[in-house]
Amino acid sequence: MSGLIALLDDIVALSKVAAASVDDVASMAAKAGSKAAGVVIDDAAVTPKYVTGLDAKRELPIIWKIARASFFNKLVILLPAALLMKAFAPWLITPLLMLGGCYLCFEGAEKVWHVLAPHKDSHVHVEEVKDPAQLEETRVRGAIKTDFILSAEIMTISLAAIPDATFTMEAVTLAIVAIGITALVYGSVALIVKADDVGVWLTGNAPTPVGRTLGRGLVKGMPYFLKGLAFVGTLAMLWVGGSILVHGLHDLGVDWPYDPIKHLAENFTGFLNWAVTASLDGVFGLVVGLALIPIVTKVIMPLFGKGQQAH
């Protein structure tokens, strides 16, 4: 009997350890995922454009194709690469984060620049592809390429946000972040692209006036919602990109603009403290992004051949 009681005690102790580990993993995953929020918003804002103009029946299959590739990229390619980098070359994390931050700042600043100084190349060109299957394949390839870049940034940000832990806990945490973020992004995208279809159905089939009014509201409101989402995505890119660069410079021993931003934000508390910090990080990101536009468009793009931009 005493042996059975001892065994039960051991099981209870192991259960407590397992529960604590689950809590730790969940906590780390939530923290890491929140750090990548700006990239997630941008990903959700960008993806709907890839199904624009295609057969409505193909919208969800296309989104699933992109989501499936995103799961593969994060779990099979980027997760092992991130863990290997942290194990054998942790000094690479900050430079790679800053490189990704520059990318986010450039993308955000380019969108702002196109609004302030629109030009003939700022609009999206209509693909001259007559075959719908070929057009779909072209769109999917472009979306997967964009997703890979954003996924790499998400995984790097998440990795940097995870406290030092065992290899297994870091791997599980990154896997949870990868699965959760991908499901959130592409689940949201699926809802967004089908919202107008739901609105049309409600307008013609809802049994109550309230339902029909809701349907008309969805149909009329979705274009404005997408514009608002794109606007929020741009702000998020500049904020996250600027924050990465500010903290990266600080980690490398350059205290400007980290110290001035921190000292100014200390004059406020709570939400205002965060808002001031985020705003100044975003302004810094915008300045860096605007400075990068001529470098990318006049130097880097010609070197690698002028191609379509990710966004």
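Because the structure is a prediction, the values reported are computed rather than measured.

> Explanation requested: the nonpolar core in the structure shown.
Side chains of nonpolar character tend, in soluble globular proteins, to be buried together. Of all hydrophobic cores here, the largest spans 20 residues; its most connected members are Leu-104, Met-155, Leu-159, Leu-174 and Ile-244. Of all the secondary-structure elements, those providing two or more residues to this core are helix H3 (59–88), helix H4 (93–116), helix H5 (132–161), helix H6 (167–205) and helix H7 (209–251). With five residues, the single largest contributor to this core is H3. The contact partners of Met-155, leaving out residues within four places of it in the chain, are Lys-74, Leu-78, Leu-79, Leu-174 and Ala-178. The next biggest cluster of nonpolar side chains, apart from the first, holds 16 residues, and it includes Ile-63, Ala-67, Val-189 and Val-193.

> Which parts of the structure should I look at to understand the pattern of salt bridges?
Once their charged atoms are close, side chains differing in charge can pair, the charge on each being opposite to the other. The full count for this structure, using the stated rule, is five salt bridges. Ionic pairing is found between Lys-194 and Glu-59, a salt bridge with its closest N-O pair at 3.3 Å. Of this pair, Lys-194 sits in helix H6 while Glu-59 sits in helix H3, and the two are 135 residues apart along the sequence. Of the residues examined, Glu-59 reaches a relative accessible area of 11% and is grouped as buried. For Lys-65, the salt bridge is made with Glu-136, and the minimal N-O distance between the two is 3.1 Å.

> Honestly, the packing of aromatic side chains in this entry has me stumped. Any pointers?
Within a pair of aromatic rings, the relevant descriptors are the distance that separates the centres and the angle that separates the planes. Evaluated as defined, the whole model comprises three aromatic pairs. Seen in terms of ring centroids, Trp-256 and Phe-284 are 6.1 Å apart; in terms of plane orientation they differ by 75°. Their pairing is edge-to-face. Here Trp-256 is found in the loop between H7 and helix H8 (258–265), whereas its partner Phe-284 is found in helix H9 (residues 270–304), with 28 residues between them in sequence. Using a relative accessible area of 56% as the deciding quantity, one classes Trp-256 as exposed. Aromatic side chains Phe-271 and Trp-274 sit 5.7 Å apart centroid to centroid with 35° between the ring planes, which places their arrangement in the tilted category. Note that Phe-271 and Trp-274 are positioned in helix H9 at a spacing of three residues, about one turn of the helix.

> Just to check I follow, could you spell out the packing of H3 against H6 for this structure?
A packed helix pair is summarised by two numbers, namely the angle formed by the two axes and the spacing between the axes. Across the interface, H3 lies against H6 with an axial gap of 10 Å and an inter-helix angle of 160°. By the angle class used here, H3 and H6 are roughly antiparallel. Viewed along their axes, H3 and H6 form a crossing whose handedness is right-handed. Taken together, the residues of the contact of H3 with H6 break down into 20 nonpolar, two polar and six charged.

> When you look at unusual backbone geometry in this model, what are you seeing that I'm missing?
Trans peptide bonds make up most of the peptide bonds, and negative phi angles are found at most residues other than glycine. The amide bond that connects Trp-256 to the next residue, Pro-257, takes the cis arrangement and shows omega of 10°. Relative to the helices and strands, Pro-257 is located in the loop between H7 and H8.

Criteria and cut-off values
- Residues numbered from 1 in each chain as written.
- Predicted model: local features only at pLDDT ≥ 70, side-chain atom pairs only at ≥ 80, totals over all residues.
- Heavy atoms only, no water.
- Core = buried A, V, L, I, M, F, W, Y, C linked by side-chain atoms within 4.5 Å.
- Buried < 20%, exposed > 50% of the residue type's maximum accessible area, 1.4 Å probe, protein only.
- Helix = DSSP H or I, 4+ residues; strand = E, 2+ residues; numbered from the N terminus.
- Contact = heavy atoms within 4.5 Å.
- Salt bridge = Lys/Arg side-chain N within 4 Å of Asp/Glu carboxyl O.
- Phe/Tyr/Trp six-rings, centres within 6.5 Å; stacked < 30°, edge-to-face > 60°.
- Axes fitted to C-alpha atoms, helices over the stretch in contact; angles between N-to-C directions.
- Parallel < 35°, antiparallel > 145°, perpendicular 65-115°, else oblique.
- Left-handed = near helix turned anticlockwise from the far one by under 90°.
- Nonpolar A, V, L, I, M, F, W, Y, C, P; charged D, E, K, R; others polar.

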